[in-house]
Amino acid sequence: MEAFLVATHLSSLAAAAPTTVTIRTARQRLPLPPTPERNAMNNEHAIFTSVLDSEATGTVLLRLIHGGLIVELLSLSTDVHPLRLVFPSFLLNSPAVFLEDSELHVLAVTDFGSLYRVVVPVRGRDLWRHEGDNIWPKEYMIKSFPDDARSCFVQAQGTYSVALAMPNGSLLRLDVDSLEYDNHEEEWTETLCHQGSLLSSFTSLLPSLHSSHPNSADIISLGTHSWPSDITSIWTLSRDRTLRLWKHKQGCCATTTLPYASQSLESSRASSSTGGGNSGRSHPLLDEARQNLLKVFSTTTTSGARLYVLAFIPSISSVTSGGFFCLVDVTDDQLHIVAVIQCHRRTVHCHLQDFIVVGHTLVTLWETQGRSTVEKTNLDFDAYDRRDVQPAIWKTASYAQEPELTPSYMEERLLSPGSLTEKFLEAVFQPGVFSTLSLRTAIDQYIEASLTLPGDAPPQLSATYSTLCENVAAVVGCTVVLHRDSQSGALQYGNYWTALKRDWEGFVARCREVERSARWPLALGSRGPHDVIVIERERAGSLVIEDMAIYLQRLIESDHLTDASFDILAVSGALRQKLGPELMSSLEGRAIDLIHQEFGFSLVDILQDQANKLEVLETLDEGSASWFDGRLQSIGDLDKATRAAIDAIGSLDYVVKREDDEADLSTLLPSTQSDWARGLTARYTAISVEARYQLSLSLITLLLYLSRELGQWDVSLIAEVFAVFKGTAMLRYVCQQPAERPVKELEGSFDDDVVSRMRNMDVSHNRIPSSVPTSLVYLLLAQSSTIGDIPVIGHTFLDNSGLLQSVSPSYATQFEVVFCERLRLLKFYDVARELLSCLPRTSSAIFVLAQVWLQIGRFDEAAQLFEKLAGSFGPDHALSPDDIEALTSLLPAAHSIQSQFAYYLFVSELFKTHLLTRYEVQFAQLAISTAPPGTDTSSLWATVTKGFADLALYEESYAALMAMPYEKQKREFAGQLALRMCEENAVAKLMTFDFAGISEEVESILSFKARNVDPRLQPSYSKILYTWYIQRGEYRNAAALVMYQRAIKLQEIITNVQLFLSFGEEQLDSYSIAINALILVDEHSQWVILPVVGESARKRGTSSKYIPESKFTSSKYETQVIHLADIQRQHTLLSAQIAIIKRTPELLNSSEFLLPPSVLVLRLVHLNLFSQALTVATALNVDMTELFTNLTAQCIRLSKSSQTSPPMDSDWLLTDSSITWSGSTADRAWRFLRQSLERHDGAETDHRYTKACLETIISLDRSSPPPPWLLQIIQNHHPEYLIRLSLRYENIEDAVSYMLDLVKKSDQRFTREPSPENASSTWLPYTLVDQVIVAASSLPKPPLLLSQLRNEIANRMKRVQKLSHASA
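Summary of the structure given here. Counting from 1, residues in each chain are numbered in the order their sequence is written. For this predicted model, a pLDDT threshold of at least 70 governs which residues receive local features, and a threshold of 80 or more governs which side-chain atom pairs are given and counted, while totals over whole chains, interfaces and linings are taken from all residues. No hydrogens and no water enter the side-chain calculation; it runs on all heavy atoms of the structure.

## A look at the overall build of the protein chain
What counts is decided by this rule: Numbered from the N terminus, helices here are DSSP runs of H or I no shorter than four residues, and strands are runs of E no shorter than two. Exposure is judged per residue with a 1.4 Å probe applied to protein chains only, and the accessible area is read against the type maximum: over 50% gives exposed, under 20% gives buried, and values in between give partly exposed. Contact between two residues is taken to exist if any of their heavy atoms lie within 4.5 Å; hydrogens are not considered. In these tables, accessible area is a Shrake-Rupley quantity obtained with a 1.4 Å probe, and a residue counts as shielded only by the protein chains included in the view.
Along the protein chain, the regular secondary structure elements total 48 helices and 33 strands. Every one of the 1368 residues in the protein chain was classed for burial, and the buried ones make up 52%. Residue pairs at least 24 apart in sequence account for 64% of intrachain contacts in the protein chain once pairs closer than 6 positions are excluded. Accessible area for the protein chain stands at about 63,900 Å²; split by element, carbon and sulfur atoms hold 51% of it.

Now the structure itself:
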């Protein structure tokens, strides 16, 4: 088994943004860097890279990105965020990094001639994690820097020396004696060295005098000994293949011309010269671009310590190799070619990118059609000293065979079921195919190209997406439109699908183009004698040893498998090739379908049926079938060969022994691998799984070919083959799954975001991906604590999965189920569900599947599975010990489930954590039904009752409440249920519950709420409590009291106009309801009792929400009795106030908008609302004199007017009764006045309202006599008032008439009752009589009745005298 290359994308390692440091310059008016060309490679692709490896820092990768503007330091050994140094101008493409005294020194030269030293403090393996503010740069302006720097390149020899290749083959050396850590600038010493004398430097420009080619002496490669070292010499290689040695302060002191083509050592040495030699033959010059052609190293041989320069001479036109190496001994500052090492034929037309010497091994990196290839050979220095040079034996390492997403390959993938978009997305986002950066670049290019199309741009092109996969799925194909046929009008689906496929193929082509640039090899690195690192523009890889499956698959693909023990794999692989891609696609699809099914028949019958359906035997011609039969016969024992193949497929040679408890999920620890190593391990695992899958698929293909003979096979062997295929298929599915790792959200304002983009020189990038897609296996490996190299960790992961250990598809092992549970815990629910569909429905598999259903929102299916699993717990279960162990390993450590009760309790809590009350209640009920005797189930009863209430299933909640065996808990929850129903507007349902035995708890909580909750809030507990009491016939101390309290609280709340407008009507309704309730009470009990709240309690707030509980619970408290009449008066007043405000809204502008009763009555009178005014005045005991005065005036006005219909504002003439009266409006008005006097005036009022009416009539209209009925009332009850009133208004004749009537009536009584005891009843106001007679006598024409009055008075006086004498 050999080594092969495994790499991972650097853009998928660090999800967090890099730390960015901007480097300033002291140069004035330095122009800004030019904008990169549109079609140039991605800015994140490196153009130069180098590796620094040390015990203190681990492996640090230096990358020159953004066209040479940014130096990025990336750790491959730790998870430290990358560090980016942004320079003010482009760098010459050879910056270097060195470690000295816990500091990283970055040396770089800009194209404007500034030498920078950037010192980065490091703290062990934490590197620069907390040192971002302590990074300091130093700038030195090179004085001898040429104007044109295009042909210059740099080689840093260490922290104190830098070499700069100048035009015309000169070398500028910069040295510094010490580092300046203060603010002083470093003093570099510049030494410009030429190849030889001054004359030779001029003649080098003259082809006729020096060379047949101009610029032949230009340096194209520099070499120095690795630092730290005391070797300060520099070696250069020029275009004419001349190797030169440059010493400090001496310049060029030795040269030799290397051979043009591979030749013997003797001829090479013959062309060598210490003082410089030129070949007499002219050869093509090497390319003028800088190349890695020199390496300087030291080693120890039998002859002692030796110093060598290894130079590579490319052979561009050779058909035998890509070039050769010249090993030059430079130990004594002399240049002696000791060996020529020819490269392998595989390197023809390849380009050497880099090479290193690790120990005695030469490692080369070649660019082979855009891909990296590593060639290795051993260097035998002792043999070279003996001049015993043998042909080099090269070993090649390349990447494992990967299918390229060509249109033909995608056509094969589209043969399997599935949508076109789904197939392309699966191919594009398969881990390891394209990097995040490549996909983002490709989709940006696609959007940019789509926006240039004519017409309106689809909205998908400008939308924002949360994930990259969502972005690609929405954008690609959005410009493809389904058209109709111009003639038939039918939809052209065929053209649509063709155009959509072409659009996807175009996007994939863009991805391939960007990814090809990302995979361009750049450099090699070493992390020890056996660990070689391959660095590409966007990837970093390593050489890894093959495992058995990868080894066998590689040999089968190349048809080089010679091991007879694995002939069966070679035959099955050849059979697959013969069957063709279309049949193999169908065969593979059917095989995958089989592992998702539970077998109702034997595997032999199933395989024979599938072989008949696929017509495997009929596909092969007779000759091919005979050849395969012969090959199979040559194998001999197929049983043994098949078992050997199964063992090879499932072999895990590098696995670390698994402990017995390692399958327990609780033992998973964080991984000790770095992100980069973990990415390599994930890729290695995917390659190994793919190889195992292909080998197992080959065995399945062979079984289908031999289906007619399977009846003679061992059934267990067929089951094992199928189990291996199932395991590898499941692992392959997992390895093909991408994952999205969240990126830390950018903090700060939008300005900070702009600054961050400017620092990263990515201001044109308008979308920042929210996550970095990587492999699901990568996330699974992060849970492993295995220590070792990549194969060890990869095989340990496969072993821990347990998917390669199964021997039958009819069983689900503990490790298989635990692996599915790990996927579920990582929240890859679809992947876990897919794998569980491949496992038989054991209890442990169903348990994991139920939790998957639970977490993806399919709650009914989850509850159904959980309920079915109940039989697996308790003493009566029928599980095997393996099933019990598997099921136990899935349960949390805190739950030891030994009974169905404990299981139901666990599931109920599980649903509770997901806030699924319905199912929590369901399993809590099941737990109650299975609870052992004596178990405290109070919490379960609480869960059931509260859960039903939360679900608005109040009848069920009430039933559970009434069935609750805990009396205290029942009483507590009764009030809670009532409140919950009130809050959820289920009052009607609440009123149907009687709460037998605990109704007082409901009344207590509702009463408390009614007293203390603001009546403006909903629900209205006062109304609810009123309804509760009314239904129970409690009218007085319940219903009436509740609503009256509500009215009082509303009254205290109403402190301004807005509150009155909002709640005045509601207060009035509360009074009305309280009155109605009290009316239903017995007449002698129409009152309620209220506690008297002191002023201190009233001052607690603007509303009297607070009523001390002691006022209701104490046996002695101050009370106030409120009768029905009191409530009615308050109702009447409020009703009148509301009516007045409705009639005159301008009252609201006054602070005293609530008028007192007397003013209120007058306001009603002025509004001509006499009927309402009478009612209010009567209810509030307000004097109605002014009312009747105005009413009388209205009657007089109507009598004098010709109006036939009553005014619209006269409510008293528009009542139901008055509107039916006959007569004119004036007649009806006088009738209303008469009835009102009869109703509201009488002896108790001393007829003062009648007197007021009469006086009003007389004062306003003396021309018309008062109504007889009005005079009759006064005359019957207050004749003296009538006489005096006549005298007052000088109606002497009427006064005489009224007096005469009074005397006659008195005489009649006197005649009937002549006894002295009744003298009071016969009394006359003689003074008034005298006043009348005097007033009448004074008239010029005395009234006619005056003489009669005098006679009556005289006669009366005689009778009185006679009576007086008689009594005497």
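## Remarks on the packing of helix 28 (residues 938-950) against helix 29 (residues 954-963)
Rule in force here: Orientation is described by lines fitted to C-alpha atoms, with helices fitted over the stretch in contact, and by angles between N-to-C directions that extend from 0 to 180 degrees. These descriptions rest on fixed angle ranges, namely under 35 degrees for roughly parallel, over 145 for roughly antiparallel, 65 to 115 for roughly perpendicular, and the rest for oblique. Crossing handedness: left-handed means the near helix sits turned counterclockwise from the far one by under a right angle, and right-handed means the same turn made clockwise. Here the term charged refers only to Asp, Glu, Lys and Arg, the term nonpolar to Ala, Val, Leu, Ile, Met, Phe, Trp, Tyr, Cys and Pro, and the term polar to all other amino acids, Gly among them.
Between helix 28 and helix 29, the shortest axis-to-axis distance is 7 Å and the interhelical angle comes to 155 degrees. When the axes of helix 28 and helix 29 are compared, the pair comes out roughly antiparallel. As for how helix 28 packs across helix 29, the hand of that crossing is left-handed. Within the contact between the two elements, helix 28 uses W941, V944, T945, F948 and A949 and helix 29 uses Y954, E956, S957, A960, L961 and A963. Looking at the contact of helix 28 with helix 29 residue by residue, the class counts come to eight nonpolar, two polar and one charged.

## Description of a nonpolar patch on the surface
Heads up, the rule is: Like-charged residues within 9 Å of one another, or nonpolar side chains (Val, Leu, Ile, Met, Phe, Trp, Tyr) within 5 Å, are grouped into patches, provided each residue has over 30% relative accessible area and no salt bridge. Note on definitions: salt bridges are taken to be side-chain nitrogens of Lys or Arg within 4 Å of carboxyl oxygens of Asp or Glu.
A cluster of nonpolar side chains, namely L482, L491, Y493 and W497, defines an oily patch on the protein surface of about 370 Å² accessible area. You can see L482 is positioned in the loop between helix 7 (468-475) and helix 8 (493-518).

## Observations regarding the pairing of strand 23 (residues 351-358)
Just so we agree on the cut-off: Should DSSP find at least two bridges between two strands, the strands are regarded as paired.
Most of strand 23 sits out of view: six of its eight residues are buried. As paired strands, strand 23 and strand 24 (residues 361-368) are joined by seven bridges and run antiparallel to one another. When the sheet's bridge partners are listed, V358 is paired in strand 24 with T361. Hairpin connection of strand 23 to strand 24: two residues between the antiparallel strands, including G359 at a positive phi of 65 degrees.

## Overview of the sheet that holds strand 2 (residues 19-22)
One open sheet accounts for five strands, arranged 2-6-5-4-3; its pairing is mixed. Pairing within the sheet leaves two strands with one partner each, and these edge strands are strand 2 and strand 3 (48-54). With strand direction ignored, the average angle separating the axes of adjacent strands in the sheet is 20 degrees. As paired strands, strand 2 and strand 6 (residues 83-86) are joined by four bridges and run parallel to one another. By the bridge assignment, T20 is partnered in strand 6 with R84.

## Points about helix 26 (residues 900-913)
Heads up, the condition is: An expected span of 1.5 Å times one less than the residue number is assigned to each helix.
Across its 14 residues, helix 26 extends 20 Å between first and last C-alpha, which sits within 8% of the 20 Å expected from 1.5 Å per residue. Looking only at helix 26, the buried set comprises F901, Y903, Y904, F906, V907, S908, L910 and F911. Tucked inside the fold, the buried residues of helix 26 contact helix 23 (843-855), helix 24 (859-868), helix 27 (917-929) and helix 28. L915 lies just past helix 26 and shows a positive phi near 60 degrees.

## Regarding the side chain of S321
Our working definition: Pairs of N or O atoms are called polar contacts if they sit within 3.5 Å, as long as, within protein, a hydrogen donor faces a hydrogen acceptor (for residues adjacent in sequence, only side-chain-to-side-chain pairs).
Along the chain, S321 turns up in the loop between strand 20 (304-314) and strand 21 (323-329). Of note is the side chain of S321, whose polar atom sits 3.2 Å from the backbone oxygen of G323. Residues in contact with S321, not counting those within four places in the same chain, are S315, Q342, C343, H344, T347 and V348.

Keep in mind that these numbers describe shape and distance, not what the molecule does.
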